[in-house]
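Architecture at a glance
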Number of protein chains: 2
Amino acid sequence: MSPKGFTFSAVNAGVKSPAVKRADMGLIFCDREAVASGVFTLNQVKAAPVLIGMELVERGTLRAVIANAGNANACTGSEGMEDARRLMNAVAQSLGIERDDVAPLSTGVIGVRLPVQRMLEKIPELAQGLKDDPDVFARSIMTTDTYPKVVTHRAGAATVLGIAKGAGMIAPDMATTLAVVLTDAVIDKQSLDNIIKKSIRHTFNAVTIDGDTSTNDTLLALASGYMHENIDEIEKAISAVIRDLAVLIVRDGEGATKFVEVRVEGAQSEASAKTVAMAVSNSLLVKTALFGADPNWGRIMGAIGYSKVPIDPERIGITISGHRVVEQGREAQGFSEEFLHELLEKKDISISINLGSGPGFFTAYTTDLSYDYVKINSEYRT
Amino acid sequence: MSPKGFTFSAVNAGVKSPAVKRADMGLIFCDREAVASGVFTLNQVKAAPVLIGMELVERGTLRAVIANAGNANACTGSEGMEDARRLMNAVAQSLGIERDDVAPLSTGVIGVRLPVQRMLEKIPELAQGLKDDPDVFARSIMTTDTYPKVVTHRAGAATVLGIAKGAGMIAPDMATTLAVVLTDAVIDKQSLDNIIKKSIRHTFNAVTIDGDTSTNDTLLALASGYMHENIDEIEKAISAVIRDLAVLIVRDGEGATKFVEVRVEGAQSEASAKTVAMAVSNSLLVKTALFGADPNWGRIMGAIGYSKVPIDPERIGITISGHRVVEQGREAQGFSEEFLHELLEKKDISISINLGSGPGFFTAYTTDLSYDYVKINSEYRT
């Protein structure tokens, strides 16, 4: 069940090419002013919808979200900004709202202008097709995703709904992280901003498929304010939705065959722990060893060592899926290569690293690196 | 022709396992005290031979180098140090020199003790087999290398010989960069140190296959001092040898199908230029696009944008193999996707990026990312 006030629709607009016959443009509408919040990519090359979205959420409220797959509208200059505004304007007109009540989201190829004409023609159909079914919207923003990502959590009478697309953390012609969190709870802008920022810290910002960061990554949160509920309950539900979306994104990582949790503790600070966790998570040699179930813990030691965080190798302990692998920087007593190989053949793997030098900890989520990642990302897009 | 004073030998010692029937232990001997210099991995997890080698080159001279493939002698603690010293000692005895005249080099699996007994038994054979043929030594240190890497440059009467192994920039159970530069020129320790440090800056330190840095990477330089030559000539020859070795290592990168030069100019400093060049060189999405000849310049813009170096996207220009692709952060006038696709199908590719914001420049050398990289690095090593 979706939160009170929100409806959804999707159409095929042939965004990437008229030949593509799948829903690739989606609309979310809120029947009243929704309190709005958002977080956006830190990439310095920001797509037009990101630059516009950053301004809009500053204003504090939104009524609609117009999204497309197949084209990122990035590196398209002032024309790209104009293209996005024309779409926002058309949506506003067909819904009887203001242009700046409409937030744009795009994902797809970089550097190509949007086929605005084709898209404009479909907007009346989008506006007329609005229904209480978030799945149609979720499907319309999919790229290399293998399934739509929709999750719901309740906070008493209030509902929090999350919709996301993922795949690679970036892939200009294919994937970007877009997420929309919708709730009918009553919440003020400041609280919503704080909850979102807090929630992404250990979820969206703890996730890496290939270490690349998109020009388009965006998470929008809208609250329609129909249901009065305890703010702590609302925060719990929003955090849960965001955590679940982040996990779904990793599990559906491009070509991923494994879900890998990399926990680092005993660091001097959380920042140091995160640096080490990301170095291990992004190491191609660790990722390929995981893909091949190669019980090759030296690659993890290597990644820890080059992560730039000051460490004492002889204090490092590593446990993989419960099996003690490294003690004091060396092979642990009772380590079994064969047993570790068996553990690494499972779909879910946990790598726990203790640096033995402080209270800082951080958990990152990643995947292995398979032939399919190379296949998905090397195919010429014609 | 190898430099006067140096001889070489190699044997099969079954370092990885007695079943492996290829030369995997090599010796270099100098018939007199050689001025010695070296550079070592910056990885904080340093193998025993690295820790020992760093001490030895401080002393200023060496007489021999004992190297092995198949085992890195890393993460092996005090026993690993002891194992290395036992080998150094045995080599010293059979050559009638001091233990600390012998530098150890190892590459291979991390965390496993060296099979010292098997190796000790072979050392007399190594000492007796010394000949004027560097190729036997070059082959004995190969891992996933597909060919031995030996280059020579002349400096008047003096000769500079380089031997290296490469493949991945790290792969604990397979590859590491080891390099030995030998010359019969007369040169003092200080000059040799300076020349080596200067030479690696834009060669070995400008190379990346997978962004990982080994626990064992080592470059040793030995000068036997038979030939008096102009120091500038000697420096030129040493630099040329080191540059050639670096290029050979990239060309033989694990699974590489392309040799890619990434030049960044117009940066605020050389350091900024290097950061951007390395971000682009290490981007999985750029590497996979290169493998697939996908004319997807957005991935390069994306990598520049997340490289943390402050940039103005609208000042960025990109030229690929001579074809103007991006101007002012957008698709260049006259850009042809089809033509770029053709250019990317060639084996050698040059990516030239102008950030338009300063005098800093740097050129990095890398490869694409192919199925074979995943294959080579994901296979379980039993």
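The rules we used
- Residues numbered from 1 in each chain as written.
- Chains lettered and ligands numbered in written order.
- Predicted model: local features only at pLDDT ≥ 70, side-chain atom pairs only at ≥ 80, totals over all residues.
- Heavy atoms only, no water.
- Pairing = 2+ DSSP bridges.
- Helix = DSSP H or I, 4+ residues; strand = E, 2+ residues; numbered from the N terminus.
- Contact = heavy atoms within 4.5 Å.
- Axes fitted to C-alpha atoms, helices over the stretch in contact; angles between N-to-C directions.
- Least-squares fit on C-alpha atoms with pLDDT ≥ 70 in both.
- Salt bridge = Lys/Arg side-chain N within 4 Å of Asp/Glu carboxyl O.
- Buried < 20%, exposed > 50% of the residue type's maximum accessible area, 1.4 Å probe, protein only.
- Phe/Tyr/Trp six-rings, centres within 6.5 Å; stacked < 30°, edge-to-face > 60°.
- pLDDT = per-residue confidence, 0-100.
- Expected span 1.5 Å × (residues − 1).
- Polar contact = N/O pair within 3.5 Å; in protein donor to acceptor, adjacent residues only side chain to side chain.
- Nonpolar A, V, L, I, M, F, W, Y, C, P; charged D, E, K, R; others polar.

Residues and elements named next belong to chain A. Taken in spatial order, the 6 strands make up an open sheet running 12-11-10-13-9-14, and their pairing is mixed. Two strands lie at the open edges of the sheet, namely strand 12 (330-331) and strand 14 (360-367), each paired on one side alone. In this sheet, strand 12 lies alongside strand 11 (residues 323-327) in antiparallel orientation, the contact comprising 2 bridges. Bridging from a neighbouring strand, Glu-327 pairs with Arg-330 of strand 12. Docked against the sheet, helix 7 (residues 270-282) engages strand 9 (259-267), strand 13 (348-354) and strand 14, running at close to 25 degrees with respect to strand 14.

Turning chain A through 180 degrees and shifting it by 0.0 Å along the axis lays it on chain B, with an RMSD of 0.0 Å. Taken together, the turn and the small shift mark the pair as related by a two-fold rotation axis. Residue A:Tyr371, judged by its C-alpha, is the member of chain A lying nearest the rotation axis, at 2.8 Å. Most of the interface of chain A is mirrored in chain B: 100% of its interface residues are interface residues there too.

Turning our eyes to something else, we now look at the pattern of salt bridges. Residue and element names in this part refer to chain A. Taken as a whole and judged by the stated rule, the model has 32 salt bridges over all chains. Taking the shortest distance from any N to any O, the salt bridge between Arg-251 and Asp-348 comes out at 2.9 Å. One end of the pair, Arg-251, is in helix 6 (residues 231-251); the other, Asp-348, is in strand 13, with 97 residues separating them in the sequence. Assessed through its relative accessible area of 33%, Arg-251 is described here as partly exposed. Notably, a salt bridge pairs Glu-327 with Arg-324, separated by 3.4 Å at the nearest N-O pair. The exposure class assigned to Arg-324 is partly exposed, which follows from its relative accessible area of 33%.

This brings us to the packing of aromatic side chains. Evaluated as defined, the whole model comprises 5 aromatic pairs over all chains. Between A:Tyr371 and B:Tyr371, the ring centres sit 6.4 Å apart and the planes meet at 45 degrees, which makes this aromatic pair tilted. One end of the pair, A:Tyr371, is in helix 11 (residues 371-378); the other, B:Tyr371, is in helix 11 (residues 371-378), on a second chain. Ring plane angle 85 degrees and centroid distance 5.4 Å describe the contact between B:Phe291 and B:Tyr371, whose orientation is recorded as edge-to-face. Pair noted here: B:Phe291 is in helix 8 (residues 284-291) and B:Tyr371 is in helix 11, with a separation of 80 residues, a long-range link. Site record: aromatic cluster; members linked through ring pairs are A:Phe291, A:Tyr371, B:Phe291 and B:Tyr371.

This part takes up unusual backbone geometry. Residues and elements named next belong to chain A. The residue Cys-75 is not glycine, and still its phi comes out positive at about 55 degrees. Along the chain, Cys-75 falls in the loop between strand 3 (61-71) and helix 2 (77-95). Positive phi, close to 45 degrees, is recorded for Ser-321, a residue that is not glycine. For Ser-321, the position within the fold is in the loop between strand 10 (317-320) and strand 11.

Let us look at the confidence of the model for chain A. Residues and elements named next belong to chain A. Taken as a whole, chain A shows an average pLDDT of 91; of its residues, 95% reach a score of 70 or greater. Per-element confidence in chain A is highest for strand 1 (residues 6-11), whose mean pLDDT is 98, and lowest for strand 6 (residues 158-171), whose mean pLDDT is 77. Predicted confidence for residues 169-175 stays below pLDDT 50, and this span has 51 contacts to residues more than four positions away or in other chains. This complex was scored by the predictor with a pTM of 0.83 and an ipTM of 0.77.

Below, the discussion takes up helix 2 of chain A. Note: α-helices contain 3.6 residues per turn, so residues at a spacing of three or four share the same orientation. Residue and element names in this part refer to chain A. With 19 residues, helix 2 should reach 27 Å at 1.5 Å per residue; the first-to-last C-alpha distance of 28 Å fits that figure. The secondary structure elements touched by the buried residues of helix 2 are strand 2 (25-40), helix 1 (48-59), strand 3, strand 4 (102-109) and helix 3 (116-128). Just downstream of helix 2, Gly-96 is the residue with a positive phi angle, here 65 degrees.

What follows is about the environment of B:Asp100. Residues and elements named next belong to chain B. Structurally, Asp-100 is set in the loop between helix 2 (77-95) and strand 4 (102-109). Overall, the relative accessible area of 25% leaves Asp-100 in the partly exposed class. Through-space distance from the C-alpha of Asp-100 to that of Arg-59 is 9.0 Å; in sequence the pair is 41 residues apart. Sequence-distant contacts of Asp-100, defined by excluding residues within four places in its chain, comprise Leu-56, Arg-59, Leu-62 and Met-88. Reaching out from Asp-100, the side chain makes a polar contact with the side chain of Arg-99 at a distance of 3.1 Å.

Attention shifts here to the interface of chain A and chain B. Each side of the interface is counted separately: chain A has 62 residues, and chain B has 62 residues. Across the contact surface, chain A and chain B share 2 salt bridges. In this structure, the salt-bridge partner of A:Arg330 is B:Glu79, at a minimum N-O distance of 2.7 Å. Joining chain A to chain B, the criterion identifies 10 residue pairs in polar contact (both at pLDDT 80 or more). A breakdown of the residues in the side of chain A that touches chain B according to their chemical character gives 26 nonpolar, 22 polar and 14 charged.

Moving on, we come to helix 7 of chain A. All names here are of chain A. Relative to the 18 Å expected for 13 residues at 1.5 Å per residue, helix 7 spans 18 Å between its end C-alpha atoms, a close match to the ideal helical length. Turning to helix 7, its buried residues are Ser-272, Ala-273, Val-276, Ala-277, Met-278, Ala-279, Val-280 and Ser-281. Residues of helix 7 that are buried in the fold lie against strand 9, helix 8 (284-291), helix 9 (298-305), strand 13 and strand 14.

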